[in-house]
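Descriptive structure summary
What follows is the residue order along each chain.
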Amino acid sequence: MEIVLAIAIGVLTGSGVWLLLRPRTFQVIMGLALLSYAVNLFIFSMGRLGLAINKEPVLLAGVPKDLQHYADPMPQALVLTAIVIGFAMTALFLVVLLASRGMSGTDHVDGTRSHDVQEMP
């Protein structure tokens, strides 16, 4: 299970970095989203018992109250907060993208037109 999670984090990070280096703003936004998903998975996997099987998630009578017997809730809370903030950030970036495209007429990051883009009427 750990190798699958490590590969997923690596693929998301690599894809996010590749999209960040693209010239169009939508691709940059999607790259930021993929990087945030990779970071969320990484933070979630840092919870020592996040991937453990047969561990109790809540307190039970007769079981010692330490992290050896329970899952740590802090990584899950941090990831949940990061998901909400990432969704709001993506929505804000999309609004800025639409405003920038409307004002400049192009969706390139540097504001210039490429050779493959046709003129809009």
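- The protein chain is annotated in an unreviewed UniProt entry as Multisubunit potassium/proton antiporter, PhaC subunit from Paracidovorax valerianellae.
- Quoted verbatim from the Subcellular location (unreviewed entry) heading of the UniProt record, the comment on the protein chain is "Cell membrane".

Examining the overall build of the protein chain
- In terms of regular secondary structure, the protein chain is built from 3 helices and 0 strands.
- In sequence order, the secondary structure elements of the protein chain are arranged as α-α-α.
- A total of 121 residues make up the protein chain; the buried ones form 20% of that total.
- When the accessible area of the protein chain is evaluated, it comes to approximately 8,700 Å², of which 72% is carbon and sulfur surface.

Here we look at the pattern of salt bridges
- Here the structure, examined in full by the defined rule, presents 2 salt bridges.
- Taking the shortest distance from any N to any O, the salt bridge between Arg24 and Asp107 comes out at 2.8 Å. Linking Arg24 in the loop between helix 1 (2-20) and helix 2 (25-46) with Asp107 in the segment after helix 3 (73-104), this pair joins segments that are 83 residues apart in sequence.
- When its relative accessible area of 15% is taken as the criterion, Asp107 is described as buried.
- Its salt-bridge partner being Asp107, residue Arg101 comes within 3.8 Å of it at the nearest N-O pair.
- Judged by relative accessible area, which is 36%, Arg101 ranks as partly exposed.
- Connected through shared salt-bridge partners, Arg24, Arg101 and Asp107 make up one network.

Looking at the UniProt feature "transmembrane region" (unreviewed entry) in the protein chain
- The UniProt feature table records "transmembrane region" (unreviewed entry) at residues 6-21, 28-47 and 77-99.
- Secondary structure content for residues 6-21 is 94% helix and 0% strand, and the end C-alpha separation is 23 Å.
- Secondary structure within residues 77-99 divides into 100% helix and 0% strand; the distance between the first and last C-alpha atoms comes to 34 Å.

Some words on helix 2
- Taking 1.5 Å per residue as the helical rise, helix 2 with its 22 residues ought to reach 32 Å, and the 32 Å between its terminal C-alpha atoms agrees with that figure.
- For helix 2, the full list of buried residues reads Thr25, Val28, Ile29, Gly31, Ala33, Leu34, Ala38, Asn40 and Ser45.
- Buried-residue contacts for helix 2 involve helix 1 and helix 3.

Describing the packing of helix 1 against helix 2
- Orientation of helix 1 relative to helix 2, taken along the N-to-C sense of each, is 155°, at an axis distance of 7 Å. One element, helix 1, and the other, helix 2, form an angle in the roughly antiparallel class. In this structure, helix 1 crosses over helix 2, and the sense of that crossing is left-handed. Between helix 1 and helix 2, the residues in contact are Leu5, Ile9, Leu12, Thr13, Ser15, Gly16, Val17, Leu19 and Leu20 and Gln27, Val28, Met30, Gly31, Leu32, Leu34, Leu35, Tyr37, Ala38, Leu41, Phe42 and Ser45, respectively.
- For the contact of helix 1 with helix 2, the residue count by class is 15 nonpolar, 6 polar and no charged.

Criteria and cut-off values
Residues numbered from 1 in each chain as written. Predicted model: local features only at pLDDT ≥ 70, side-chain atom pairs only at ≥ 80, totals over all residues. Heavy atoms only, no water. UniProt positions renumbered as here; feature names shortened; annotations may be inferred. Helix = DSSP H or I, 4+ residues; strand = E, 2+ residues; numbered from the N terminus. Buried < 20%, exposed > 50% of the residue type's maximum accessible area, 1.4 Å probe, protein only. Areas by Shrake-Rupley, 256 points an atom, 1.4 Å probe, with all protein chains shown as cover. Salt bridge = Lys/Arg side-chain N within 4 Å of Asp/Glu carboxyl O. Expected span 1.5 Å × (residues − 1). Contact = heavy atoms within 4.5 Å. Axes fitted to C-alpha atoms, helices over the stretch in contact; angles between N-to-C directions. Parallel < 35°, antiparallel > 145°, perpendicular 65-115°, else oblique. Left-handed = near helix turned anticlockwise from the far one by under 90°. Nonpolar A, V, L, I, M, F, W, Y, C, P; charged D, E, K, R; others polar.

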